[in-house]
Amino acid sequence: MKYVVMIFRSTDRTWTDEDQRGLGRLIKLESELAASGELVSSEGLQPPEEGRIVQIRDGVQVVTDGPFGETKEQLAGYFMVDVADDAQAEAIAARVSAAVGDRVELRGTLISA
């Protein structure tokens, strides 16, 4: 089954040496999950101010520049994994959490092909 492990970051934080070390830990974990065949994909995301909302209103495409949410916590990156069960997905999410030093969100996909 496929799961996504979502990594969040506060928008009012500055990048620190510990963040840099956390990134190194994530890169190592990414390599390990790729070697085990569990990694589908992983990416870090640009900050919210680089994002855009794209929608159709009255048949016309409308693009709105970011940032968007009123929340200070935004999606910073993700790991998509394909594992046998919830327990393995939770174990990987725990490793991601340990790497970033913060909580992460784990969700299964609706359909796993």
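Residues numbered from 1 in each chain as written. Predicted model: local features only at pLDDT ≥ 70, side-chain atom pairs only at ≥ 80, totals over all residues. Heavy atoms only, no water.

Turning our eyes to something else, we now look at the nonpolar core. By size, the foremost hydrophobic cluster in this structure holds 15 residues, and its most contacted members are F79 and V96. Breaking this core down by element, the ones donating at least two residues are β1 (2-10), α1 (17-36), β5 (73-82) and α2 (86-100). The greatest single-element share of this core, amounting to five residues, is contributed by α2. If we skip the residues at most four places from it in the chain, V96 touches V5, I7, L26, L29, F79 and V104. (Core = buried A, V, L, I, M, F, W, Y, C linked by side-chain atoms within 4.5 Å. Buried < 20%, exposed > 50% of the residue type's maximum accessible area, 1.4 Å probe, protein only. Helix = DSSP H or I, 4+ residues; strand = E, 2+ residues; numbered from the N terminus. Contact = heavy atoms within 4.5 Å.)

A separate point is the environment of D65. For D65, the position within the fold is in strand β4 (residues 60-65). Since its relative accessible area comes to 56%, D65 is described here as exposed. Along the backbone, D65 and E49 are 16 residues apart, and their C-alpha atoms lie at a distance of 7.2 Å.

Once that is clear, we can look at the sheet that holds strand β2 (residues 39-44). Read from one edge to the other, the open sheet built from four strands follows the order β2-β5-β1-β6, with strand pairing classed as antiparallel. For this open sheet the edge positions go to β2 and β6 (104-108), each flanked by a neighbour on one side alone. Put simply, the sheet's adjacent strands are angled 20° from each other on average, direction ignored. Pairing geometry for β1 and β5, over nine bridges, is antiparallel. Directly across from V5, in β5, lies its bridge partner F79. (Pairing = 2+ DSSP bridges. Axes fitted to C-alpha atoms, helices over the stretch in contact; angles between N-to-C directions.)

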